Amino acid sequence: AISVMGERFNVHTQLEHLQAKYVGTGHADTNKWEWLTNQHRDTCASVQGHPDLLNMIAIAENESRARVRFNLMEKMLQPCGPPPEKTEV
């Protein structure tokens, strides 16, 4: 029983470390807007990091790769618009 508790503590500690280190890992208080924003930013970063995807989008949009990269960078600022206003509970 002690080893199981120790293992759970270790997994929980590792999860907390990942959540502190990487913004997009989420936590219990992550709302829908934050989750969607992280997904959109990750997608934009992934497209920029994969030259074949960047080329495909550039061809589909009839734009240069540099323009597509610039547009993706702009989308990363607020991909889902401004954050929703917080309501007092």
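If you look the chain up in an unreviewed UniProt entry, it shows as Splicing factor 3B subunit 5 from Macrostomum lignano. What the UniProt record of the chain gives under Sequence similarities (unreviewed entry) is the line "Belongs to the SF3B5 family."

### Digging into the nonpolar core
Cys 44, Val 47, Leu 54, Ala 58, Val 68 and Leu 72 together form the largest nonpolar core, which totals 6 residues. If you list the elements that add at least two residues to this core, you get helix 2 (32-49), helix 3 (51-61) and helix 4 (65-75). Leave out the neighbours within four places in its chain, and Cys 44 touches Leu 72, Lys 75 and Met 76.

### A few points about the packing of helix 3 against helix 4
Contact geometry for helix 3 and helix 4: axes closest at 9 Å, N-to-C directions at 100°. Taken together, helix 3 and helix 4 sit at an angle that is classed as roughly perpendicular. Counted together, Leu 54, Asn 55, Ile 57, Ala 58 and Glu 61 of helix 3 and Arg 65, Val 68, Arg 69 and Leu 72 of helix 4 form the full contact between these two elements. Residue composition of the contact of helix 3 with helix 4, grouped by class: 5 nonpolar, 1 polar and 3 charged.

Calculation criteria
Residues numbered from 1 in each chain as written. Predicted model: local features only at pLDDT ≥ 70, side-chain atom pairs only at ≥ 80, totals over all residues. Heavy atoms only, no water. UniProt positions renumbered as here; feature names shortened; annotations may be inferred. Core = buried A, V, L, I, M, F, W, Y, C linked by side-chain atoms within 4.5 Å. Buried < 20%, exposed > 50% of the residue type's maximum accessible area, 1.4 Å probe, protein only. Helix = DSSP H or I, 4+ residues; strand = E, 2+ residues; numbered from the N terminus. Contact = heavy atoms within 4.5 Å. Axes fitted to C-alpha atoms, helices over the stretch in contact; angles between N-to-C directions. Parallel < 35°, antiparallel > 145°, perpendicular 65-115°, else oblique. Nonpolar A, V, L, I, M, F, W, Y, C, P; charged D, E, K, R; others polar.

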